[in-house]
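Residue strings, one per chain:
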Amino acid sequence: MEDARIQRIRDFIEPLRVKPGSDVVLERDFDPADTGDFFTEADSKGLLEQGVELLDHYQSRLAAQDTYGVLLVLQALDAGGKDSTIRHVMSGVNPQGVVVHGFRTPSADELDHDFLWRYAQKLPARGQIGIFNRSHYEEVVVVQVHPQILAKQKLPPEAAEGDVWERRYRQINDWERFLVENGFPVVKVFLNLSKEEQRHRFLSRINHPDKNWKFNANDVRERAHWDAYQSAFSRMLSATSTEHAPWYVIPADHKWFLRVGVAAVLVNTLAELDPQFPTVSAKAQRELIVAKAELESEPDDAPLAVAAGRKE
């Protein structure tokens, strides 16, 4: 019987899902400060703990089954909460089963390949959860806002002509379908931050010495392109939320809500996969019985531990 929590999770995340084929306008369709009425801030700590517990449960089965791998894509503006979300949501999961990758300015070697190449090199293996902290969607967001970057990508003339972005959306959709059909579900989460909350978080990084290391002056300069980013994100969500790999837009102004939301989306994906521990063959079962009998027949070398109340 399915855990009742899973159905509640599905009810919670459904309004956050971008319906494939919809025309998204971020500022019209999604409120960065919305926390709904599913739970309160006081409830969030307990709910996140439950989410982490479920992630650990499913991830251990995912690793043991070794059939599927899961890619979690986190996309957001600067100070959107990606790092802290990863830290909190994945806090109880076996670190051997999780790989996290961030993507900076492409290297010379990366620029000598197609725009998806460097992301393909970092995909999770079967049994793993891979997290992209920023992702291949930078290629249709940042590059769209700063088209001069495109000139550095060594594209042949035919790849730089016409509607480059529509072509890239199609290529990304095809790539993600390929991954899904080969056992690698793609979970895409956009952390929707307001301009005012971003300003507060930047000021916090400046005003607190222990946070100064997080601050980059270029982040403030990028705020001048806020409207262009909102437009690029809206186009991205409209063009690439598909049935095989839909986007979820999670309000990011309140981190307590954001973390529960990301955990819920990831738990739902794992629950749909429903990985199972492998069953052993009849021969292996017989070997287990023999091994158990041999171990139980051995003399106990620690009688003092038994006398002290050791529990078998």
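This one's a predicted model, so the numbers in the text were calculated from it and none came from an experiment.

Moving on to the pairing of strand S1 (residues 70–76). A large share of S1 lies buried, amounting to 7 of its 7 residues. Burial along S1 is two-sided: Val70, Leu72, Leu74 and Ala76 and Leu71, Val73 and Gln75, pointing in opposite directions, are all buried. With 5 bridges joining them, S1 and strand S3 (residues 129–133) adopt parallel strand pairing. Bridging from a neighbouring strand, Val73 pairs with Phe132 of S3. With 6 bridges connecting them, S1 and strand S4 (residues 186–192) associate as parallel partners. In the sheet register, Val73 faces S4, and the bridge partner there is Lys188.

What follows deals with the pattern of salt bridges. Opposite charge on two side chains makes pairing possible when the charged atoms of those side chains draw close. In total, this model carries 14 salt bridges according to the counting rule given. The partner of Glu110 in a salt bridge is Arg118, and the shortest N-O contact between them spans 3.4 Å. Assessed through its relative accessible area of 24%, Glu110 is described here as partly exposed. Using a relative accessible area of 9% as the deciding quantity, one classes Arg118 as buried. Overlapping salt bridges bring together Glu110, Arg118, Glu139 and Arg168 as one network.

Let us now look at the packing of aromatic side chains. Scanning all chains against the criterion turns up 13 aromatic pairs. For the ring pair Trp256 and Phe257, a centre distance of 6.1 Å and an interplane angle of 85 degrees mean the geometry is edge-to-face. As far as burial versus exposure is concerned, Trp256 and Phe257 are alike and both buried. The structure contains a cluster of three or more aromatic residues connected by ring pairs, namely Phe12, Phe38, Phe39, Trp256 and Phe257. It is Arg168 that lies over the ring of Phe115; its NZ or CZ is 4.3 Å from the centre.

Attention shifts here to the sheet that holds strand S5 (residues 247–251). Reading across from one edge, S2-S3-S1-S4-S5 is the order of the 5 strands in this open sheet, with parallel pairing throughout. With partners counted over all chains shown, the strands left at the sheet margins are strand S2 (98–102) and S5, one partner each. Mean inter-strand twist for the sheet, computed between neighbouring axes without regard to direction, equals 20 degrees. Strands in contact with helix H13 (residues 255–273) are S1, S3, S4 and S5; relative to S5, the strand with the most contacts, it is inclined by about 155 degrees.

Criteria and cut-off values
All chains use their own residue numbering, which begins from 1 and follows the written sequence. Restriction of local features to residues with pLDDT of at least 70 applies here, the model being predicted, together with a cutoff of 80 or more for giving and counting side-chain atom pairs; totals for whole chains, interfaces and linings are based on all residues. For the side-chain quantities, the full set of heavy atoms in the structure was used; hydrogens and water were omitted. For every residue, the accessible area obtained with a 1.4 Å probe (protein chains only) is divided by the maximum for its type, and the residue is called buried under 20%, exposed over 50%, and partly exposed between those limits. Secondary structure elements follow DSSP: runs of H or I of four or more residues count as helices, runs of E of two or more count as strands, with numbering from the N terminus. For two strands to count as paired, DSSP must find a minimum of two bridges between them. Here, a salt bridge means any side-chain nitrogen of Lys or Arg that lies within 4 Å of a carboxyl oxygen of Asp or Glu. Stacked, edge-to-face and tilted are the three classes for Phe, Tyr and Trp ring pairs, Trp counted by its six-membered ring, which pair at centre distances within 6.5 Å; planes under 30 degrees apart are stacked, over 60 edge-to-face, the rest tilted. By definition here, charges over rings are those cases where NZ of Lys or CZ of Arg is within 6 Å of the ring centre and within 35 degrees of the ring normal. Angular values range over 0 to 180 degrees, each being the angle between N-to-C directions of two axes fitted as lines to C-alpha atoms, with helices fitted over their stretch in contact. Whether two residues touch is decided by their heavy atoms; if any such pair falls within 4.5 Å, the residues are in contact.

Keep in mind that these numbers describe shape and distance, not what the molecule does.
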